[in-house]
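These are the residues of each chain, in order.
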Amino acid sequence: MYQVDIDHGQEKQSRPPAADGGEESIHAVGQEGMGQQIHLERRKGKLTSKFTLVNISTNLLLAYQSLGVVYGDVSTSPLYVYRSIFVGKLQNHQNSEAIFGAFSLIFWTITLIPLLKYVFIVLSADDNGEGGTFALYSLLCRHAKFSLLPNQQAADEELSAYKYGFSGQSASCLPLKRFLEKHKKSRTILLIVVLLGACMVIGDGVLTPAMSVISSISGIQAATEHLSHGGVLLLSCIILVGLFALQHSGTHRVGFLFAPIVTIWLISIFVIGLYNTIFWNPKIVSALSPYYIIKFFKETGKDGWISLGGVLLSIAGTEAMFADLGHFTASSMRIAFPFFVYPCLVVQYMGQAAFLSKNIASIPNSFYNSIPDIVYWPVFVIATLAAIVGSQAVITATFSIVKQCNALGCFPRVKIVHTSKHIKGQIYVPEINWILMILTLAVAVGFQDTTLIGNAYGLACMTVMFITTFLMALVIIFVWQRSVALATSFLLLFWLIEGVYLSSAFIKIPQGGWVSLVLSFVFLAIMFVWHYGTRKKYNFDLHNKVPLKWLLGLGPSLGIVRVPGIGLIYSELATGVPSIFSHFVTNLPAFHSVLVFVCVKSVPVPFVSPEERFLIGRICPRPYRMYRCIVRYGYKDIQRDDGNFEDLLIQSIAEFIQMEAVEPQLSSSESPSFDGRMAVISTRSVQSGSTLLVSEEDFGISNSIQSSKSLTLQSLRSAYDDENPQMRRRRVRFRLPENPGMDPAVRDELSDLIQAKEAGVAYIMGHSYVKARRSSSFLKKLVIDIGYSFLRKNCRGPAVALNIPHISLIEVGMIYYV
């Protein structure tokens, strides 16, 4: 174990002072240094071994695996694109020239947006290897003060993942940065834009399964006249129910099937497209020229512009390349798409166009009619499997979006099941899964037409891309430190292209497009109401903190009896003592001899390493035995109950007490105010070289339960263990080492800590009710008293979300008037 003092230099001047006047000082204890440096260098691609044989083979393997997870959606778009283009008034222009122009539009759309924008530009804007809308927002919040929840601390900026990217400030971006930071409304608008993008992705999770499965199953109807449209719909619904029912088993259980299916599918459509090009009309190659786009619009006019809503379906699912970046690498994506997915799609669309140019009447079922009879049924089976794979990918992406929203305080607490012990991103959210299934079935049964579903699907996809372009422009300015002119050029170029498609999609709102808007705005309302209520509750705690002078006036006994044991008081506050503590003191006749204020919070980084997870500090002078523990998680971290949280917490506090004795900066002899002095305690160093000696016993043995506990509690604990055998764990006991040179005051404090741990640990939470003030506006009362209260009553309780054992939980009610 070694200690590292972190000198903040001039940075302290721009940070807010610690609560109640305490000057904040940060120390790191642990073995981070070299390992983290190598990790960061590797993530930034600066290691000399970047192009070694091992690295290339790893990226090739990841590129192959990404085919099943990332490209299932975009690779199944040939099933329905041409049919979606030539509907409505464009039916009057069904001729070979219009088909040439449609293919040219598809080719340049795929080239400019997925290939140029995403592969070569957007994939570079990762957040420590993570991608997606929230990754961009997280980067922006770290490089400028855009976050609306004021729970960030100076210590968070010392996280190794926090400083990922460029450092320093560009002079050209300072005026824009000051404007956005100064005006709260601009930050609120930015959050709404990010949430809207997330909601559109959730909308994709509803629309994609219905669109893909119905399109693939329609191949049966094309091959046989005996199956009616109702039969196709019934079969599609059965497959959709089975798809959502299998989600609980986890992606990893069926993941080995995904990549081969999509690989075979892409090879099949490539071969069929090449055959159709050669056999039907080789002249279609000339349509690669943008001249045919101009010719297309000259002939079709406004009808051609409206048909762009069908063209954009060819790039539906492109956002998954960036959203699923955390499962793979940017290099693997840059191998898979340009060298395999892109050529297969282009050749397939070219082959379909060649076939349709000679078979105009086949447009309503272009894909299946273009398949040679000899391979029809094998391709149909592969198409159905590929559609299911594409649906699986977007459902998994929806689960990830919900988890990220939940971590950043923008979504009600839901049950999150981690389906893989090895892959962090593979999760399952039961409530969201069944809601998606019900909505997907409702869309499939309600519309029964892939054209109408495609209108909603295209609007959702293009809106997400439009928002990503806007956030990327901000990243270019604030994160990459490039000029505003460069960011503006990027924004205008792609907004011009995407804006044309988006305007065409908006025209089709009455023809099904309204579904994506309704779904998105419902989820957006839920997210914003939850975030608004959470922020108001946090601000109430922030402005009604218990004054330290009041606690100091009560004395070390706090004016009540201090009984043996440890009380873990959970609060959302990262600094100061929450107002609910005064409720505890005035309503409970006795309190524990050791008090720890625990704050579990999310920081705007994807992952927090275990070495940096715990921040330990002291509240009030040493005799009070009051501490603070901040447990930090990234927005993609797994908050698992490993059963050793209590033990790690006790060891971390012991490390802090020992370190405090030798560190003058943390000495408690001169100042009565200690709130704000924090130390980063490495869990790895705690486990390898703890201040306390550790021994283990089986928790189920009767002599491991201390005599200081009542017989009633012993019987309750035994009954609880018998009913929950999976929760039985080994009991850890601590004792002080024989160290004659230890400070007597430190020894006494450590001894009190051990005795309190032996007496038992209680988890104390406030059972809060949030209500709007009587003077509040009608809209605020509607949001808080009805919307937020309804969501709080129907989501998972905070104790369940934090894995707090119910047998040790104490709750005290309190009303928040916000």
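All values reported here derive from a predicted model rather than from experimental measurement. (Residues numbered from 1 in each chain as written. Predicted model: local features only at pLDDT ≥ 70, side-chain atom pairs only at ≥ 80, totals over all residues. Heavy atoms only, no water.)

Let's shift gears to the overall build of the protein chain. In terms of regular secondary structure, the protein chain is built from 29 helices and 13 strands. Residues counted as buried form 57% of the 818 residues belonging to the protein chain. Intrachain contacts of the protein chain at a sequence separation of at least 6 include 84% that bridge at least 24 residues. (Helix = DSSP H or I, 4+ residues; strand = E, 2+ residues; numbered from the N terminus. Buried < 20%, exposed > 50% of the residue type's maximum accessible area, 1.4 Å probe, protein only. Contact = heavy atoms within 4.5 Å.)

Another aspect to go through is the environment of Thr-300. Examined against the element boundaries, Thr-300 turns out to sit in helix H11 (residues 291-300). With 210 residues separating them in the primary sequence, Thr-300 and Leu-90 have C-alpha atoms 7.4 Å apart. Ignoring sequence-local partners within four residues, the contact set of Thr-300 consists of Leu-90 and His-93. Separated by 3.5 Å, the side chain of Thr-300 and the backbone nitrogen of Gly-304 make a polar contact. (Polar contact = N/O pair within 3.5 Å; in protein donor to acceptor, adjacent residues only side chain to side chain.)

On to empty space enclosed by the protein. The probe, sized like a water molecule, is rolled over the atoms to show the empty space still left. Under the definition given, this model contains four cavities of 30 Å³ or more. Val-201, Glu-319, Ala-320, Ala-323 and Ala-397 are, among the 22 residues lining the largest cavity, the residues nearest its centre. Those elements that place two or more of their residues in the lining of the largest cavity are helix H6 (133-143), helix H8 (184-223), helix H14 (319-323) and helix H17 (376-407). Here the element with the most residues in the lining of the largest cavity is H17; it accounts for seven residues. Along the lines of polarity and charge, the residues of the lining of the largest cavity split into 10 nonpolar, seven polar and five charged. (1 Å grid on protein atoms, 1.4 Å probe; cavity = no way out; pocket = protein on both sides within 12 Å on 5 of 7 lines; lining within 4 Å. Points joined across faces, edges and corners; volume = space filled by probe spheres on them. Nonpolar A, V, L, I, M, F, W, Y, C, P; charged D, E, K, R; others polar.)

The subject of this paragraph is the nonpolar core. Here is a general trend for soluble globular proteins: nonpolar side chains tend to be buried in one another's company. Counting 170 residues, the largest nonpolar core has Tyr-71, Tyr-82, Phe-86, Phe-103, Trp-265 and Phe-337 as the members making the most contacts within it. Once you skip the residues sitting within four places of it in the chain, Tyr-71 turns out to touch Ser-66, Val-262, Met-321, Met-333, Ala-336, Phe-337 and Val-341. Counting residues in each nonpolar core, the second largest holds 35 residues, with Ile-616, Leu-649, Ala-654 and Leu-750 among its members. (Core = buried A, V, L, I, M, F, W, Y, C linked by side-chain atoms within 4.5 Å.)

Attention now moves to the packing of aromatic side chains. What characterises a pair of aromatic rings is the spacing of the ring centres plus the angle enclosed by the ring planes. Applying the stated criterion across every chain, the model contains 27 aromatic pairs. Ring plane angle 50° and centroid distance 5.5 Å describe the contact between Trp-265 and Phe-367, whose orientation is recorded as tilted. Separated by 102 residues along the polypeptide, Trp-265 in helix H10 (residues 251-280) and Phe-367 in helix H16 (residues 366-369) bring together distant segments of the chain. Each member of the pair, Trp-265 together with Phe-367, is buried. With 5.0 Å between their ring centres and 65° between their planes, Phe-540 and Tyr-816 make a pair best called edge-to-face. Placement of the pair is Phe-540 in helix H21 (residues 509-543) and Tyr-816 in strand E13 (residues 809-817), with a sequence separation of 276 residues. Judged by its relative accessible area of 16%, Phe-540 falls in the buried class. An aromatic cluster of three or more residues is present, and its members are Trp-265, Phe-367, Tyr-368, Tyr-376, Trp-377 and Phe-380. Note that Lys-537 overlies the ring of Tyr-816, its terminal NZ or CZ placed 4.7 Å from the centroid. (Phe/Tyr/Trp six-rings, centres within 6.5 Å; stacked < 30°, edge-to-face > 60°. Lys NZ or Arg CZ within 6 Å of the ring centre and 35° of its normal.)

A few words now on the pairing of strand E12 (residues 761-771). Bridging between strand E5 (residues 561-570) and E12 involves four bridges; their strand directions are parallel. Opposite Leu-568, over in E12, you have Tyr-763 as the bridge partner. Looking at chain direction, E12 and E13 are connected through nine bridges and run parallel. Note that in E13 the partner of Tyr-763 across the bridge is Leu-809. (Pairing = 2+ DSSP bridges.)

Moving on, we get to H6. Taking burial as the measure, the 11 residues of H6 include 11 buried ones, the bulk of the element. Among the residues of H6, those classed as buried are Thr-133, Phe-134, Ala-135, Leu-136, Tyr-137, Ser-138, Leu-139, Leu-140, Cys-141, Arg-142 and His-143.

Among the eight residues in strand E8 (residues 626-633), eight count as buried, and that is most of the element. Burial along E8 is two-sided: the residues Met-626, Arg-628, Ile-630 and Arg-632 and Tyr-627, Cys-629, Val-631 and Tyr-633 are all buried. Relative to E8, strand E6 (residues 590-602) runs parallel, the two sharing eight bridges. The residue bridging Val-596 from the neighbouring strand is Tyr-627, located in E8. Pairing of strand E7 (residues 614-619) with E8 involves six bridges; the strand directions are antiparallel. Bridge pairing in E8 links Leu-615 to Ile-630.

Attention now moves to the pattern of salt bridges. Going through the model one piece at a time under the given rule, you end up with 11 salt bridges. Among the ionic pairs, Lys-295 bridges to Glu-97, the shortest N-O distance being 3.0 Å. Residue Lys-295 is located in helix H11, and its partner Glu-97 is located in helix H5 (residues 96-120); the two are separated by 198 residues in the primary sequence. On the basis of relative accessibility, which here comes to 32%, the residue Lys-295 falls in the partly exposed class. Where Arg-622 meets Glu-749, a salt bridge forms, and the shortest distance between an N and an O atom there is 2.8 Å. Here Arg-622, found in the loop between E7 and E8, pairs with Glu-749, found in helix H27 (residues 744-759); they are 127 residues apart in sequence, far enough to count as distant. Residue Glu-749 is classed as buried on the basis of its relative accessible area, which comes to 0%. The network of salt bridges with common partners includes Arg-618, Arg-622, Glu-660 and Glu-749. (Salt bridge = Lys/Arg side-chain N within 4 Å of Asp/Glu carboxyl O.)

Here we come to the environment of Phe-258. With respect to the element layout, Phe-258 can be found in helix H10. The spatial distance from the C-alpha of Phe-258 to the C-alpha of Gln-65 is 8.0 Å, given a sequence separation of 193 residues.

With that settled, consider unusual backbone geometry. Notably, Asn-128 is not glycine yet its phi reads approximately 55°, a positive angle. With respect to the helices and strands, the residue Asn-128 is situated in the loop between H5 and H6. At Gln-481, a residue that is not glycine, the phi angle is positive and equals roughly 60°. Mapping Gln-481 onto the fold places it in the loop between helix H19 (450-478) and helix H20 (484-507).

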